[in-house]
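Residue-level structural notes
Here's the letter readout for the chains.
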Amino acid sequence: LLELEHETLIHRILDGYYNVLHTFRWQVLAIAFAAIIACTILAAQLSLPVSSEVALLPDSNEYQMHWSWKQNLLSNTLAKEQGSEALIMWGVTPADTGDHLNPDSWTKLVLDEKFDPKSEDSQS
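Residues numbered from 1 in each chain as written. Predicted model: local features only at pLDDT ≥ 70, side-chain atom pairs only at ≥ 80, totals over all residues. Heavy atoms only, no water.

1. Some details on the overall build of the protein chain
Assigned secondary structure in the protein chain consists of five helices and two strands. Start at the N end of the protein chain and walk to the C end: the helices and strands fall as α-α-α-α-β-β-α. Relative to the globule expectation of 14 Å for 124 residues, the C-alpha radius of gyration of the protein chain, 35 Å, shows a markedly less compact shape. Dimensions of the protein chain along its principal axes, counting C-alpha atoms only, are 105 × 50 × 30 Å. (Helix = DSSP H or I, 4+ residues; strand = E, 2+ residues; numbered from the N terminus. Rg over C-alpha atoms; globule rule 2.2 N^0.38 Å.)

Here's what the structure looks like:
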């Protein structure tokens with residue numbers, strides 16, 4: 001290749017890096033493989049969190065203190081233990097009256113004309 005008489009500073013720095021890396025290329029490759037293996041082993045030994053409530057901030061942070069305080073409230077504890085919500089409706093018929101080819105059309109609520117809330121059968 002062409003040898004330049006006046007190499008710039010960046011060329012001299014990059015040439016120096018290249019010469020060092022080229023001289024020790026096999027050692028650098030071995031160190032990189034060793035680091036990959038060590039990281040893989042350490043990652044396999046990590047334990048999973050016990051709950052999904054992972055604290056990312058230190059305990060002295062105001063947001064973390066508020067979050068910890070909120071977790072100990074009775075309302076929060078009851079909300080966690082109450083289970084799922086369900087909506088039950090009587091006197092309606094399952095029907096889809098919307099246009100299946102038009103996503104902007106809504107379905108109408110179809111009432112069951114035979115439903116009588118006063119009868120004994122509908123009370124049970």
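2. A few points about the confidence of the model for the protein chain
Of all residues in the protein chain, 94% have pLDDT values of 70 or greater, and the mean over the chain is 87. Helix α2 (residues 25-44) holds the highest mean pLDDT among the elements of the protein chain, 97, whereas helix α5 (residues 120-123) holds the lowest, 75. (pLDDT = per-residue confidence, 0-100.)

3. What about the environment of E85?
Counting through the fold element by element, E85 comes out in the loop between α4 (74-81) and β1 (92-93). For E85, a relative accessible area of 76% puts it in the exposed group. With 15 residues separating them in the primary sequence, E85 and H100 have C-alpha atoms 29 Å apart. (Buried < 20%, exposed > 50% of the residue type's maximum accessible area, 1.4 Å probe, protein only.)

4. A closer look at the environment of T97
Relative to the helices and strands, T97 is located in the loop between β1 and β2 (110-111). The spatial distance from the C-alpha of T97 to the C-alpha of E120 is 31 Å, given a sequence separation of 23 residues. With residues near it in sequence (within four places) discarded, T97 still touches T107, K108 and V110. Separated by 2.7 Å, the side chain of T97 and the backbone nitrogen of K108 make a polar contact. (Contact = heavy atoms within 4.5 Å. Polar contact = N/O pair within 3.5 Å; in protein donor to acceptor, adjacent residues only side chain to side chain.)

5. Quick notes on the side chain of Q71
Residue position: Q71 is located in helix α3 (residues 62-71). Exposure remark for Q71: the relative accessible area of 18% places this residue in the buried category. Polar contacts involving the side chain of Q71 include one to the side chain of N76, which spans 3.3 Å. The contact partners of Q71, leaving out residues within four places of it in the chain, are E53, N76, T77 and K80.

6. Some points on the side chain of N76
Among the secondary structure elements, N76 is positioned in helix α4. On the accessibility criterion, N76 (18% relative accessible area) is buried. With residues up to four places along the chain from it excluded, the contact list for N76 reads K70 and Q71.

7. Focus: the packing of helix α1 (residues 9-23) against α2
Between α1 and α2, the least distance of the axes is 4 Å, while the angle of their chain directions is 75°. Considered as vectors, α1 and α2 are oriented roughly perpendicular to each other. Where α1 approaches α2, its residues L21, H22 and T23 are matched on the opposing element by R25, Q27 and V28. In terms of residue class, the contact of α1 with α2 is made up of two nonpolar, three polar and one charged. (Axes fitted to C-alpha atoms, helices over the stretch in contact; angles between N-to-C directions. Parallel < 35°, antiparallel > 145°, perpendicular 65-115°, else oblique. Nonpolar A, V, L, I, M, F, W, Y, C, P; charged D, E, K, R; others polar.)

8. Topic: a nonpolar patch on the surface
Residues L9, I10, I13, L14 and Y17 make up a contiguous nonpolar surface patch of roughly 530 Å² in combined accessible area. Residue placement: I13 occurs in helix α1. By relative accessible area, which is 39% here, I13 ends up partly exposed. (Patch = residues over 30% accessible without salt bridge, like charges linked within 9 Å, V, L, I, M, F, W, Y side chains within 5 Å. Areas by Shrake-Rupley, 256 points an atom, 1.4 Å probe, with all protein chains shown as cover. Salt bridge = Lys/Arg side-chain N within 4 Å of Asp/Glu carboxyl O.)

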